[in-house]
Amino acid sequence: MLVAGATAGTIHGLANLALVEPYLDGAIMIENQALFASGQAEDTPEFWTEYESYRIWQKEGQVLASAILGTSMGALFGIVYALSRDALPKGGDLKRASVLAAIMWFSVYLVPFLKYPANPPTVGDGETVVLRAVLYLSFIAITGFGVVGFYQVYRRVAKNRRFVAFAGYAALVAVAFALMPPNLDEVTIQAELLDGFRIMSAVGVTIFWTALAIILGTLWQRFRPDSETKLEQH
(Lines give C-alpha, C1' and ligand atoms only; values in the text may rest on other atoms or scores of the structure.)
Protein backbone atom coordinates (compact mmCIF):
# COMPACT_ATOMS: atom_id res chain seq x y z
CA MET A 1 0.00 0.00 0.00
CA LEU A 2 2.73 2.44 0.99
CA VAL A 3 4.91 1.48 -1.97
CA ALA A 4 1.98 1.88 -4.36
CA GLY A 5 1.11 5.27 -2.91
CA ALA A 6 4.67 6.57 -2.92
CA THR A 7 5.24 5.43 -6.51
CA ALA A 8 1.93 6.86 -7.74
CA GLY A 9 2.67 10.09 -5.86
CA THR A 10 6.07 10.38 -7.52
CA ILE A 11 4.48 9.81 -10.92
CA HIS A 12 1.95 12.51 -10.10
CA GLY A 13 4.70 14.93 -9.09
CA LEU A 14 6.62 14.33 -12.30
CA ALA A 15 3.44 14.69 -14.35
CA ASN A 16 2.74 18.02 -12.67
CA LEU A 17 6.22 19.24 -13.53
CA ALA A 18 5.47 18.64 -17.19
CA LEU A 19 1.79 19.59 -17.30
CA VAL A 20 1.01 22.10 -14.54
CA GLU A 21 4.23 23.99 -13.85
CA PRO A 22 4.25 25.88 -17.19
CA TYR A 23 0.90 27.41 -16.21
CA LEU A 24 2.19 28.20 -12.74
CA ASP A 25 5.18 29.93 -14.30
CA GLY A 26 2.80 32.01 -16.40
CA ALA A 27 0.66 32.97 -13.39
CA ILE A 28 3.68 33.88 -11.27
CA MET A 29 5.12 35.91 -14.12
CA ILE A 30 1.94 37.99 -14.18
CA GLU A 31 2.28 38.52 -10.43
CA ASN A 32 5.91 39.57 -10.85
CA GLN A 33 4.96 42.13 -13.48
CA ALA A 34 2.34 43.51 -11.09
CA LEU A 35 5.00 43.82 -8.39
CA PHE A 36 7.26 45.74 -10.79
CA ALA A 37 4.42 48.03 -11.83
CA SER A 38 3.48 48.82 -8.21
CA GLY A 39 7.07 49.41 -7.15
CA GLN A 40 7.04 46.57 -4.61
CA ALA A 41 9.93 44.90 -6.46
CA GLU A 42 12.54 45.96 -9.00
CA ASP A 43 13.16 44.23 -12.34
CA THR A 44 16.85 43.52 -11.73
CA PRO A 45 19.18 40.58 -12.47
CA GLU A 46 19.37 39.93 -8.73
CA PHE A 47 15.58 39.56 -8.55
CA TRP A 48 15.50 37.02 -11.37
CA THR A 49 18.43 35.05 -9.97
CA GLU A 50 16.66 34.73 -6.64
CA TYR A 51 13.38 33.95 -8.39
CA GLU A 52 14.88 31.17 -10.52
CA SER A 53 16.57 29.63 -7.49
CA TYR A 54 13.31 29.67 -5.55
CA ARG A 55 11.32 28.13 -8.41
CA ILE A 56 13.87 25.32 -8.83
CA TRP A 57 13.57 24.58 -5.11
CA GLN A 58 9.78 24.64 -5.40
CA LYS A 59 9.70 22.24 -8.34
CA GLU A 60 12.10 19.79 -6.72
CA GLY A 61 10.14 19.92 -3.47
CA GLN A 62 6.89 19.30 -5.31
CA VAL A 63 7.95 15.81 -6.37
CA LEU A 64 8.94 14.93 -2.81
CA ALA A 65 5.71 16.39 -1.43
CA SER A 66 3.70 14.43 -3.99
CA ALA A 67 5.47 11.22 -2.97
CA ILE A 68 4.71 11.87 0.71
CA LEU A 69 1.07 12.74 0.03
CA GLY A 70 0.81 9.75 -2.28
CA THR A 71 2.07 7.49 0.51
CA SER A 72 -0.72 8.72 2.78
CA MET A 73 -3.34 8.32 0.07
CA GLY A 74 -1.97 4.89 -0.79
CA ALA A 75 -2.36 3.78 2.82
CA LEU A 76 -5.96 5.06 2.88
CA PHE A 77 -6.74 3.48 -0.48
CA GLY A 78 -5.23 0.18 0.61
CA ILE A 79 -7.28 0.10 3.81
CA VAL A 80 -10.50 0.90 1.94
CA TYR A 81 -9.64 -1.73 -0.69
CA ALA A 82 -8.97 -4.40 1.93
CA LEU A 83 -12.32 -3.66 3.62
CA SER A 84 -14.37 -3.46 0.44
CA ARG A 85 -12.57 -5.96 -1.84
CA ASP A 86 -15.18 -8.69 -1.54
CA ALA A 87 -17.97 -6.21 -2.30
CA LEU A 88 -16.34 -4.93 -5.49
CA PRO A 89 -17.24 -6.41 -8.91
CA LYS A 90 -15.90 -9.90 -9.55
CA GLY A 91 -12.59 -10.14 -11.35
CA GLY A 92 -8.89 -9.77 -10.72
CA ASP A 93 -7.44 -7.34 -8.25
CA LEU A 94 -6.44 -4.97 -11.04
CA LYS A 95 -10.08 -4.67 -12.10
CA ARG A 96 -11.34 -4.33 -8.54
CA ALA A 97 -8.72 -1.72 -7.62
CA SER A 98 -9.55 0.22 -10.78
CA VAL A 99 -13.25 0.28 -9.92
CA LEU A 100 -12.54 1.48 -6.38
CA ALA A 101 -10.10 4.12 -7.65
CA ALA A 102 -12.70 5.37 -10.13
CA ILE A 103 -15.28 5.68 -7.35
CA MET A 104 -12.88 7.55 -5.07
CA TRP A 105 -11.63 9.74 -7.93
CA PHE A 106 -15.21 10.69 -8.74
CA SER A 107 -16.44 11.27 -5.19
CA VAL A 108 -13.46 12.89 -3.47
CA TYR A 109 -11.92 14.69 -6.44
CA LEU A 110 -14.09 15.26 -9.51
CA VAL A 111 -17.33 16.33 -7.79
CA PRO A 112 -15.57 18.71 -5.36
CA PHE A 113 -13.44 19.98 -8.25
CA LEU A 114 -16.56 20.93 -10.20
CA LYS A 115 -17.76 23.03 -7.25
CA TYR A 116 -14.40 24.44 -6.21
CA PRO A 117 -12.03 24.14 -9.21
CA ALA A 118 -8.31 24.45 -8.65
CA ASN A 119 -6.69 27.86 -9.03
CA PRO A 120 -3.02 28.85 -9.28
CA PRO A 121 -1.50 29.92 -5.94
CA THR A 122 -1.41 33.53 -7.17
CA VAL A 123 -5.21 33.63 -7.47
CA GLY A 124 -7.34 34.49 -4.45
CA ASP A 125 -7.10 36.57 -1.29
CA GLY A 126 -4.55 35.24 1.19
CA GLU A 127 -6.83 36.22 4.07
CA THR A 128 -9.53 33.76 2.95
CA VAL A 129 -7.25 30.75 2.38
CA VAL A 130 -8.37 29.02 5.59
CA LEU A 131 -12.05 29.52 4.79
CA ARG A 132 -11.54 28.25 1.25
CA ALA A 133 -9.76 25.16 2.57
CA VAL A 134 -12.57 24.48 5.06
CA LEU A 135 -15.21 24.77 2.34
CA TYR A 136 -13.30 22.45 0.03
CA LEU A 137 -12.66 19.82 2.70
CA SER A 138 -16.28 20.03 3.86
CA PHE A 139 -17.47 19.36 0.33
CA ILE A 140 -15.11 16.38 0.07
CA ALA A 141 -16.52 15.03 3.34
CA ILE A 142 -20.09 15.36 2.06
CA THR A 143 -19.42 13.66 -1.27
CA GLY A 144 -17.05 11.03 0.15
CA PHE A 145 -19.17 9.94 3.10
CA GLY A 146 -22.22 10.22 0.86
CA VAL A 147 -20.82 7.46 -1.34
CA VAL A 148 -20.30 5.26 1.72
CA GLY A 149 -23.82 5.88 2.97
CA PHE A 150 -25.60 5.30 -0.31
CA TYR A 151 -23.47 2.25 -1.00
CA GLN A 152 -25.03 0.74 2.11
CA VAL A 153 -28.44 1.60 0.66
CA TYR A 154 -27.39 -0.03 -2.63
CA ARG A 155 -26.47 -3.26 -0.85
CA ARG A 156 -29.66 -3.47 1.18
CA VAL A 157 -32.36 -2.76 -1.38
CA ALA A 158 -33.69 -5.19 -3.97
CA LYS A 159 -31.91 -5.26 -7.33
CA ASN A 160 -34.82 -3.62 -9.13
CA ARG A 161 -34.72 -0.71 -6.65
CA ARG A 162 -30.99 -0.03 -6.57
CA PHE A 163 -31.52 3.05 -8.70
CA VAL A 164 -32.69 4.67 -5.46
CA ALA A 165 -29.09 4.72 -4.21
CA PHE A 166 -27.83 6.51 -7.34
CA ALA A 167 -30.74 8.94 -7.28
CA GLY A 168 -30.16 9.65 -3.60
CA TYR A 169 -26.48 10.37 -4.11
CA ALA A 170 -27.24 12.64 -7.06
CA ALA A 171 -29.77 14.52 -4.92
CA LEU A 172 -27.22 14.88 -2.10
CA VAL A 173 -24.64 16.33 -4.50
CA ALA A 174 -27.22 18.69 -6.02
CA VAL A 175 -28.22 19.99 -2.58
CA ALA A 176 -24.56 20.43 -1.59
CA PHE A 177 -23.89 22.35 -4.81
CA ALA A 178 -26.86 24.62 -4.11
CA LEU A 179 -26.24 25.28 -0.43
CA MET A 180 -22.45 25.48 -0.22
CA PRO A 181 -21.03 29.01 -0.82
CA PRO A 182 -19.57 29.73 -4.26
CA ASN A 183 -15.85 29.88 -4.94
CA LEU A 184 -14.45 32.87 -3.03
CA ASP A 185 -11.43 33.37 -5.30
CA GLU A 186 -11.38 36.57 -7.33
CA VAL A 187 -9.98 35.54 -10.69
CA THR A 188 -7.88 38.24 -12.30
CA ILE A 189 -5.66 36.25 -14.67
CA GLN A 190 -6.36 35.38 -18.30
CA ALA A 191 -9.12 32.80 -18.83
CA GLU A 192 -6.88 30.77 -21.15
CA LEU A 193 -4.18 30.49 -18.48
CA LEU A 194 -6.69 29.62 -15.76
CA ASP A 195 -8.51 27.01 -17.87
CA GLY A 196 -5.23 25.42 -18.90
CA PHE A 197 -4.10 25.18 -15.28
CA ARG A 198 -7.37 23.58 -14.19
CA ILE A 199 -7.41 21.08 -17.05
CA MET A 200 -3.81 20.03 -16.51
CA SER A 201 -4.37 19.77 -12.75
CA ALA A 202 -7.30 17.43 -13.40
CA VAL A 203 -5.19 15.36 -15.79
CA GLY A 204 -2.43 15.10 -13.18
CA VAL A 205 -4.79 13.89 -10.45
CA THR A 206 -6.35 11.40 -12.88
CA ILE A 207 -2.88 10.06 -13.65
CA PHE A 208 -2.30 9.61 -9.90
CA TRP A 209 -5.48 7.60 -9.32
CA THR A 210 -4.86 5.52 -12.44
CA ALA A 211 -1.29 4.74 -11.39
CA LEU A 212 -2.36 3.96 -7.82
CA ALA A 213 -5.01 1.50 -9.01
CA ILE A 214 -2.65 -0.25 -11.42
CA ILE A 215 0.25 -0.52 -8.97
CA LEU A 216 -1.79 -1.57 -5.94
CA GLY A 217 -3.91 -3.99 -7.96
CA THR A 218 -0.80 -5.59 -9.46
CA LEU A 219 1.00 -5.84 -6.12
CA TRP A 220 -2.09 -7.22 -4.39
CA GLN A 221 -2.48 -9.86 -7.10
CA ARG A 222 1.20 -10.77 -6.73
CA PHE A 223 1.52 -10.95 -2.93
CA ARG A 224 -2.10 -11.68 -1.88
CA PRO A 225 -2.06 -10.08 1.60
CA ASP A 226 -5.73 -11.08 1.99
CA SER A 227 -4.72 -14.75 1.87
CA GLU A 228 -2.16 -14.20 4.62
CA THR A 229 -4.81 -12.56 6.79
CA LYS A 230 -7.17 -15.49 6.30
CA LEU A 231 -4.44 -18.01 7.20
CA GLU A 232 -3.63 -16.10 10.41
CA GLN A 233 -7.32 -16.10 11.37
CA HIS A 234 -7.45 -19.89 11.00
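Residues numbered from 1 in each chain as written. Predicted model: local features only at pLDDT ≥ 70, side-chain atom pairs only at ≥ 80, totals over all residues. Heavy atoms only, no water.

Trainee: Honestly, the pattern of salt bridges in this entry has me stumped. Any pointers?
Mentor: Pairs can form between side chains of opposite charge once their charged atoms are near each other. Applying the stated criterion across every chain yields a total of 5 salt bridges. Here Arg55 makes a salt bridge to Asp25, at a shortest N to O gap of 2.7 Å. Within this pair, whereas Arg55 is found in helix H3 (residues 45-84), its partner Asp25 is found in helix H2 (residues 21-38), the two being separated by 30 residues in sequence. Classification of Arg55 by relative accessible area gives buried; the value is 4%. Linking Asp86 and Arg85 is a salt bridge whose minimum nitrogen-to-oxygen distance equals 3.8 Å. For Asp86, a relative accessible area of 59% puts it in the exposed group. Each member of the salt-bridge network shares a partner with another, and the members are Glu21, Asp25, Arg55 and Lys59. (Salt bridge = Lys/Arg side-chain N within 4 Å of Asp/Glu carboxyl O. Helix = DSSP H or I, 4+ residues; strand = E, 2+ residues; numbered from the N terminus. Buried < 20%, exposed > 50% of the residue type's maximum accessible area, 1.4 Å probe, protein only.)

Trainee: What should I look at first to understand the side chain of His12 in this one?
Mentor: Tracing the chain through its elements places His12 in helix H1 (residues 2-19). Not counting residues up to four positions away in its chain, the partners in contact with His12 are Ser66, Gly204, Val205 and Phe208. (Contact = heavy atoms within 4.5 Å.)

Trainee: Teacher, can you tell me more about a nonpolar patch on the surface here?
Mentor: A contiguous nonpolar patch, built from Ile11, Ile199, Val203 and Ile207 and spanning about 280 Å² of accessible area, is present on the exposed surface. No other element matches the 3 residues that helix H7 (residues 191-223) contributes to the nonpolar patch. You can see Ile199 is positioned in helix H7. (Patch = residues over 30% accessible without salt bridge, like charges linked within 9 Å, V, L, I, M, F, W, Y side chains within 5 Å. Areas by Shrake-Rupley, 256 points an atom, 1.4 Å probe, with all protein chains shown as cover.)

Trainee: When you look at helix H6 (residues 163-179) in this model, what are you seeing that I'm missing?
Mentor: Each full turn of the α-helix corresponds to 3.6 residues, which orients residues three or four apart in the same direction. Its 17 residues place the ends of H6 24 Å apart at the C-alpha level, agreeing with the 24 Å of an ideal helix rising 1.5 Å per residue. Along H6, the residues classified as buried are Ala165, Gly168, Tyr169, Val173 and Ala176. Each buried residue of H6 lies within a common arc of 135° when the element is viewed along its axis, so the set occupies one face. For H6, the exposed residues set more than 90 degrees away from the buried face come down to Phe163 and Ala178. On its buried face, H6 sits against helix H4 (93-115) and helix H5 (129-156). (Expected span 1.5 Å × (residues − 1). Arc of directions from axis to C-beta.)

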